[in-house]
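# Notes for the structure review
Take a look at the letters that make up each chain.
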Amino acid sequence: MAIRRSVIRGVGHYLPERVVENSHFEDTLDTSDAWIRDRTGIERRHFAAEGQTTSDLAIRAARAALDNAGVTADQIDAVVVATTTPDLTFPAVATMVQAGLEMHHGFAYDVQAVCAGFIFALSNADGLIRTGQANRVLVIGAETYSRIMDWTDRGTCVLFGDGAGAVVLEASDQPGTNTDRGILSSDLNSDGRYRDILYVDGGVSTTGTAGCLRMQGNLVFRHAVEKLAKTAHAALDKAGLTPADVDWLVPHQANSRIISATAQKMQLPMDKVVLTVADHGNTSAASIPLALSVANREGRFKAGDLIVTEAIGGGLSWGSVVLRW
Ligand code: ACO
């Protein structure tokens, strides 16, 4: 029986011009390039320029994805932005993107699931398409984490970067099997009992300030290693597939040790894993669409490839989307 699926028609990204190498932190903190590389795999990250906002990055990534898809903003029905670093408390960054693209129709809103934000947004946009509420959705992950860093905390400020990635999701009638193109399944999870191990210590109804990111890194690390392979397996299972069917793992780019542990649990060789953490650091909700866009630009994906994405972040919130390119 034919069913309506959401196929990725285009993908694009934008990284701010300023590149900051690990050695930058050696001047002000008790840290080293060697420690950061060894413990995280990160070598450099991009930081937004003064005055450059999350919506600025998102609009550029959106334009790149539209170009790659060969469609115009007129042909988009909805904009969904995953972010935890919005320009303002409201309106949604998505409405700023909508205005930036001179798109005066459709609807736009933000999704907030921290580093898992793009997974949640992608799954949500898939729902819009499957239920016929939209035919084409621009799904964006965009962040400026440099704005919520405590520059005296070596355990967090060396880890994050700024950037944005976007995909154009499009409705497509498919036969309804797991060889279809498009999103085949998703698995979403949250557990608010763990909200204190990764959070920002400010907000509208508490301090009235944006606050700084706080993390018990080793605890988050343990949850990540335990939960990411599980959610990827769960999503594959829902699609009637196994890790043996996977062509590419496109994981959230937080730490290369977490990524390799997850790949190992899934029995996937590292040459099937897209790794961008060295050049981007952890860009939270932007990391998966950035990695998808970089890998696509390098010509690594071919039509029909099975891709598993997975992420975990504050909440804790975690999940996985399985899709065929
Ligand atoms: N340079 C040098 N030493 C450091 C640094 C640094 N930049 N950061 C921490 N250390 C020290 C610690 O102070 C500690 O020293 P001590 O033993 O004297 O107390 C030592 O290194 C070990 O600290 P751990 O936190 O146990 O180090 P770990 O090996 O776990 O690495 C890291 C820390 C990189 C943060 C890791 O735990 C990690 O990647 N965690 C998960 C991050 C993640 O995935 N977050 C989820 C997404 S983020 C989001 O949702 C916003």
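Remember, it's a predicted structure, so these values are computed and weren't measured experimentally.

Turning to the overall build of the protein chain, a few remarks are in order. Check the secondary structure of the protein chain and you find eight helices and 13 strands. Its C-alpha atoms give the protein chain a radius of gyration of 18 Å, near enough to 20 Å, the size a compact globule of 325 residues would have. Each principal axis of the C-alpha atoms in the protein chain carries an extent, and together these give about 60 × 45 × 40 Å. Put simply, the protein chain has 325 residues, and 57% of those count as buried.

Right, let's get into the packing of aromatic side chains. In this structure the tally under the stated criterion is five aromatic pairs. A centroid spacing of 5.2 Å and a plane angle of 25 degrees characterise the contact between Tyr145 and Phe160, whose relative ring orientation is stacked. Of this pair, Tyr145 sits in the loop between strand E6 (136–144) and strand E7 (162–174) while Phe160 is found in the loop between E6 and E7, placing the two residues 15 residues apart along the sequence. The residues Tyr145 and Phe160 share a single accessibility class, namely buried.

This paragraph deals with the sheet that holds strand E5 (residues 107–111). Taken in spatial order, the five strands line up as E1-E7-E6-E4-E5 in an open sheet, and their pairing is mixed. Edge strands, defined here as strands with exactly one partner in the open sheet, are strand E1 (3–14) and E5. The average angle at which neighbouring strand axes cross in this sheet is 20 degrees, direction not considered. With eleven bridges joining them, E1 and E7 adopt antiparallel strand pairing.

Take the domain arrangement of the protein chain next. When cut into domains, the protein chain gives domain 1 (3–174) and domain 2 (182–324). Taking the mean C-alpha position of each, domain 1 and domain 2 sit 14 Å from one another. When domain 1 packs against domain 2, close to 3,800 Å² is buried across both sides, 64% of that on carbon and sulfur atoms. Ranking the residues of domain 1 by area buried against domain 2 places His13, Cys115 and Ile119 at the top, with a combined share of 17%. In this structure, the connection of domain 1 to domain 2 is made through two salt bridges.

Calculation criteria
- Residues numbered from 1 in each chain as written.
- Predicted model: local features only at pLDDT ≥ 70, side-chain atom pairs only at ≥ 80, totals over all residues.
- Heavy atoms only, no water.
- Helix = DSSP H or I, 4+ residues; strand = E, 2+ residues; numbered from the N terminus.
- Rg over C-alpha atoms; globule rule 2.2 N^0.38 Å.
- Buried < 20%, exposed > 50% of the residue type's maximum accessible area, 1.4 Å probe, protein only.
- Phe/Tyr/Trp six-rings, centres within 6.5 Å; stacked < 30°, edge-to-face > 60°.
- Pairing = 2+ DSSP bridges.
- Axes fitted to C-alpha atoms, helices over the stretch in contact; angles between N-to-C directions.
- Domains from an automatic or database assignment.
- Buried area = accessible area lost by both parts, 1.4 Å probe.
- Salt bridge = Lys/Arg side-chain N within 4 Å of Asp/Glu carboxyl O.

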